[in-house]
Amino acid sequence: MPQTKRTPAGEALSNLILDLFRLNSLLFTAGDRLVAGLGLTSARWQILGAIIAGERPQPVAWLARDLGAARQNVQRIVNDLERDGLVTFETNPHHRRAQLVVLTGKGQQAFDAAMRLQLPWVNGLADGLSTKDIETVSRVVTALRGRLESSEEPDKRA
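Quick look at the structure, then.

Rules used throughout
Residues numbered from 1 in each chain as written. Predicted model: local features only at pLDDT ≥ 70, side-chain atom pairs only at ≥ 80, totals over all residues. Heavy atoms only, no water. Axes fitted to C-alpha atoms, helices over the stretch in contact; angles between N-to-C directions. Helix = DSSP H or I, 4+ residues; strand = E, 2+ residues; numbered from the N terminus. Parallel < 35°, antiparallel > 145°, perpendicular 65-115°, else oblique. Left-handed = near helix turned anticlockwise from the far one by under 90°. Contact = heavy atoms within 4.5 Å. Nonpolar A, V, L, I, M, F, W, Y, C, P; charged D, E, K, R; others polar. Core = buried A, V, L, I, M, F, W, Y, C linked by side-chain atoms within 4.5 Å. Buried < 20%, exposed > 50% of the residue type's maximum accessible area, 1.4 Å probe, protein only. Salt bridge = Lys/Arg side-chain N within 4 Å of Asp/Glu carboxyl O. Pairing = 2+ DSSP bridges. Patch = residues over 30% accessible without salt bridge, like charges linked within 9 Å, V, L, I, M, F, W, Y side chains within 5 Å. Areas by Shrake-Rupley, 256 points an atom, 1.4 Å probe, with all protein chains shown as cover. Polar contact = N/O pair within 3.5 Å; in protein donor to acceptor, adjacent residues only side chain to side chain.

**Re the packing of helix 2 (residues 42-53) against helix 5 (residues 105-126)**
Then comes step 1: Here helix 2 crosses helix 5 at 110 degrees, and the two axes come no closer than 10 Å. The angle between helix 2 and helix 5 places the two elements in the roughly perpendicular class. The crossing of helix 2 and helix 5 is left-handed. For the pair formed by helix 2 and helix 5, the contact residues are W45, L48, G49 and I52 on the first element and G107, Q108, F111, A114, M115 and Q118 on the second.
Then comes step 2: Tallied by class, residues from the contact of helix 2 with helix 5 come to six nonpolar, four polar and no charged.

**Things to note about the environment of L20**
Then comes step 1: Its location among the elements puts L20 in helix 1 (residues 8-35).
Then comes step 2: Along the chain, L20 and T4 lie 16 residues apart, while their C-alpha atoms are 24 Å from each other.

**With respect to the nonpolar core**
Generally speaking, nonpolar side chains in soluble globular proteins are found buried as a group.
Then comes step 1: One finds L48 and V87 to be the most contacted residues of the largest nonpolar core, which totals 21 residues.
Then comes step 2: Put simply, the parts of the chain that give this core at least two residues each are helix 2, helix 3 (60-67), helix 4 (71-83), strand 3 (100-103) and helix 5.

**With respect to the pattern of salt bridges**
Then comes step 1: Evaluated as defined, the whole model comprises eight salt bridges.
Then comes step 2: Between D66 and R65 there is a salt bridge, and its shortest N-O distance comes to 3.0 Å.
Then comes step 3: Taking the relative accessible area as the measure of exposure, D66 reaches 45% and is therefore partly exposed.
Then comes step 4: The salt bridge partner of R83 is D80, with a shortest N-O separation of 3.1 Å.

**Quick notes on the side chain of R44**
Then comes step 1: Within the secondary structure layout, R44 lies in helix 2.
Then comes step 2: Classification of R44 by relative accessible area gives buried; the value is 11%.
Then comes step 3: Not counting residues up to four positions away in its chain, the partners in contact with R44 are G39, I77, D80, L81, R83 and D84.

**What to know about the sheet that holds strand 3**
Then comes step 1: Judged by pairing direction, the sheet is antiparallel, and its three strands sit side by side in the order 1-3-2 without closing on themselves. Each having just a single partner strand, strand 1 (58-59) and strand 2 (87-90) make up the two edges of the open sheet.
Then comes step 2: As defined by bridge partners, strand 1 adjoins strand 3 across two bridges and the pair is classed as antiparallel. Directly across from Q58, in strand 3, lies its bridge partner V101.
Then comes step 3: Lying over the sheet, helix 2 contacts strand 1, strand 2 and strand 3, oriented at roughly 100 degrees with respect to strand 3.
Then comes step 4: Helix 4 rests against strand 2 and strand 3 of the sheet, and its axis sits at about 105 degrees to strand 2.

**Observations regarding a nonpolar patch on the surface**
Then comes step 1: Where nonpolar side chains cluster on the molecular surface, the patch consists of L13, L16, I17, L18, L20, F21, L23, L27, L125, V137, V140 and V141 and spans about 940 Å² of accessible area.
Then comes step 2: Of all the secondary-structure elements, those providing two or more residues to the nonpolar patch are helix 1 and helix 6 (131-149).
Then comes step 3: Looking at the nonpolar patch element by element, the count peaks at eight residues for helix 1.
Then comes step 4: Tracing the sequence through the fold places L23 in helix 1.

**Topic: the side chain of S14**
Then comes step 1: When you line up the elements, S14 lands in helix 1.
Then comes step 2: Polar side-chain contacts of S14 include one of 3.5 Å to the side chain of R6.

See the structure below:
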């Protein structure tokens, strides 16, 4: 007989997933408000951060992979960043068509300004939360992300 009810862990995880969806939406909205004065959005800020986090310039497809995002969406945002002078494209010696995305000085300044705004905001958001609890949530999210990244499709077991 197929399982028709969630396990207690499955129920708790389902509730957590719904909370994470809501949290993601709220984080993007808050980020948009935080960096709007810099001419950024949360999505642009996120991509600038991914560029900075890379050890070397990467093509859009790699940035998208690192962000867990669709390449086409990242390409559109990178094109906007390039139009605004925050990134530039360089020739990729390993692939003729997949240019490398490189942060410009203006892009670095915008990212640094966003991070200066983020500092008091994130400290205020963390106020009253225990570091241990935050680290526990981070480990759970990392484990879930790893499980999802290692599977192509949702589990079809019944």
